[in-house]
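Each chain is listed here by its residues.
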Amino acid sequence: MARAFDEECTAWVRATATLTAHQFTLPTPCPPWTVAELVAHVTAAIARVPDGLAAPPPARANLDAAGYYHPRIFDATANAARVSAAQDAAAAHPNTAALVAAFDHQRRRALRAIAGQPPERLLVTRWGDGMTLREFLLTRVVELALHGLDLANALSAPAWTTPAAAAAVTDFLGVGTAATRLGWDRTTTLAKASGRAPLTADEQSELARARIPWHQFG
């Protein structure tokens, strides 16, 4: 999982390093965030890896990656705080180069923190839950991959999702069988599975006919 995290972070740096000031002001599919604010949000998500490892480890892991996405972190209060935090973070940077540099700084900080750590190392999430490093890194890869689709959409650019990250998120979402059956490429698979692209009537019929369960992740 560390490799998928590293490669997807690196892809983000490459994708954002040459953007213009205007491109950072574009709206994203995650309203009300602009491109700059979405980058700031994902930067904060990356920073939680070293922050979590710096805190005293919890006594036990009470969540896996799937359990991490529980309703409490998406209620109105949490969403409002998430939106404003990203807006404030983006506004705090003097220019777009500083925003990209901040992302890269947190990427490097996270990689230093996880170097030599066993996958079962315990850490505390921002919500106070205990997780293994492996499972928490998976949530970060999910953030990077799916918000990468959002960013590419906002920029009208090809998705840059790396093979390792796409494989990890596809497995997490449990849509590998559906993707194979319907001939989806990795970008289409992630977009369909996360609700970023709707299923067509034919796709719905084929999944139902083949009795392939479909649980969209939003």
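The sections below set out a description of the structure shown in this document. (Residues numbered from 1 in each chain as written. Predicted model: local features only at pLDDT ≥ 70, side-chain atom pairs only at ≥ 80, totals over all residues. Heavy atoms only, no water.)

Considerations on the overall build of the protein
Scanning the protein for helices and strands turns up ten helices and two strands. Listed by position from the N terminus, the elements making up the protein come as α-α-α-α-α-β-β-α-α-α-α-α. Computed over C-alpha atoms, the radius of gyration of the protein comes to 17 Å, within 12% of the 17 Å expected from 2.2 N^0.38 for 218 residues, which places it in the range of a compact globule. For the C-alpha atoms alone, the extent of the protein along its principal axes is close to 50 × 45 × 35 Å. (Helix = DSSP H or I, 4+ residues; strand = E, 2+ residues; numbered from the N terminus. Rg over C-alpha atoms; globule rule 2.2 N^0.38 Å.)

A few points about the packing of helix H6 (residues 133-155) against helix H9 (residues 186-193)
In the contact formed by H6 and H9, the axes pass within 11 Å of each other and the chain directions differ by 95 degrees. Considering the angle they form, H6 stands roughly perpendicular to H9. Here Ala-145, Leu-146 and Leu-149 of H6 lie close against H9, whose contacting residues are Thr-187, Leu-190 and Ala-191. Along the lines of polarity and charge, the residues of the contact of H6 with H9 split into five nonpolar, one polar and no charged. (Axes fitted to C-alpha atoms, helices over the stretch in contact; angles between N-to-C directions. Parallel < 35°, antiparallel > 145°, perpendicular 65-115°, else oblique. Contact = heavy atoms within 4.5 Å. Nonpolar A, V, L, I, M, F, W, Y, C, P; charged D, E, K, R; others polar.)

So, helix H1 (residues 2-16)
With 15 residues, H1 should reach 21 Å at 1.5 Å per residue; the first-to-last C-alpha distance of 21 Å fits that figure. Looking only at H1, the buried set comprises Ala-4, Phe-5, Glu-8, Cys-9, Ala-11, Trp-12, Val-13, Ala-15 and Thr-16. Tucked inside the fold, the buried residues of H1 contact helix H2 (35-54), helix H5 (96-114), H6 and helix H7 (163-173). (Expected span 1.5 Å × (residues − 1). Buried < 20%, exposed > 50% of the residue type's maximum accessible area, 1.4 Å probe, protein only.)

Regarding the packing of aromatic side chains
Inspection of every chain in the model, using the stated rule, returns five aromatic pairs. Consider the rings of Trp-12 and Trp-160, whose centres lie 6.2 Å apart with planes at 85 degrees: the pair is edge-to-face. With a gap of 148 residues between them, Trp-12 in helix H1 and Trp-160 in the loop between H6 and H7 connect regions that are remote in the sequence. Plain terms: the ring middles of Tyr-68 and Phe-136 are 6.2 Å apart, the flat faces sit at 75 degrees to each other, and that makes the pair edge-to-face. Remark: Phe-136 occurs in helix H6 and Tyr-68 occurs in helix H3 (residues 65-68); sequence separation between them is 68 residues. (Phe/Tyr/Trp six-rings, centres within 6.5 Å; stacked < 30°, edge-to-face > 60°.)

Re the pattern of salt bridges
Scanning all chains against the criterion turns up ten salt bridges. As a salt-bridge pair, Asp-6 and Arg-107 come within 3.8 Å of each other at their nearest N and O atoms. With Asp-6 in helix H1 and Arg-107 in helix H5, the pair connects residues that are 101 residues apart, well separated along the chain. Asp-6 sits in the partly exposed class, given a relative accessible area of 27%. (Salt bridge = Lys/Arg side-chain N within 4 Å of Asp/Glu carboxyl O.)

A word on the side chain of Glu-203
Relative to the elements of secondary structure, Glu-203 occurs in helix H10 (residues 201-209). Here the side chain of Glu-203 touches Thr-200 through a polar contact of 2.8 Å, landing on its backbone nitrogen. (Polar contact = N/O pair within 3.5 Å; in protein donor to acceptor, adjacent residues only side chain to side chain.)

Considerations on H9
For H9, every residue scored as buried is listed here: Thr-189, Leu-190, Ala-191, Lys-192 and Ala-193. Each element contacted by the buried residues of H9 is listed here: H6, H7, helix H8 (176-182) and H10. The N-capping residue of H9, defined by a side-chain oxygen 3.3 Å from the backbone nitrogen of Thr-187, is Asp-185. Looking one or two residues beyond H9, the residue adopting positive phi is Gly-195, at roughly 80 degrees.

Observations concerning the side chain of His-41
If you trace the backbone, His-41 turns up in helix H2. Separated by 3.4 Å, the side chains of His-41 and Glu-143 make a polar contact. Beyond its immediate stretch of four places on either side in the chain, His-41 contacts Trp-33, Arg-82, Ala-86, Glu-143 and His-147.

Remarks on the state of the cysteines
In total, this model carries zero disulfides according to the counting rule given. Here Cys-9 stays unpaired: no disulfide links it, and the sulfur of Cys-30, its closest cysteine neighbor, is 17 Å away. Residue Cys-9 is classed as buried on the basis of its relative accessible area, which comes to 0%. (Disulfide = S-S within 2.5 Å.)

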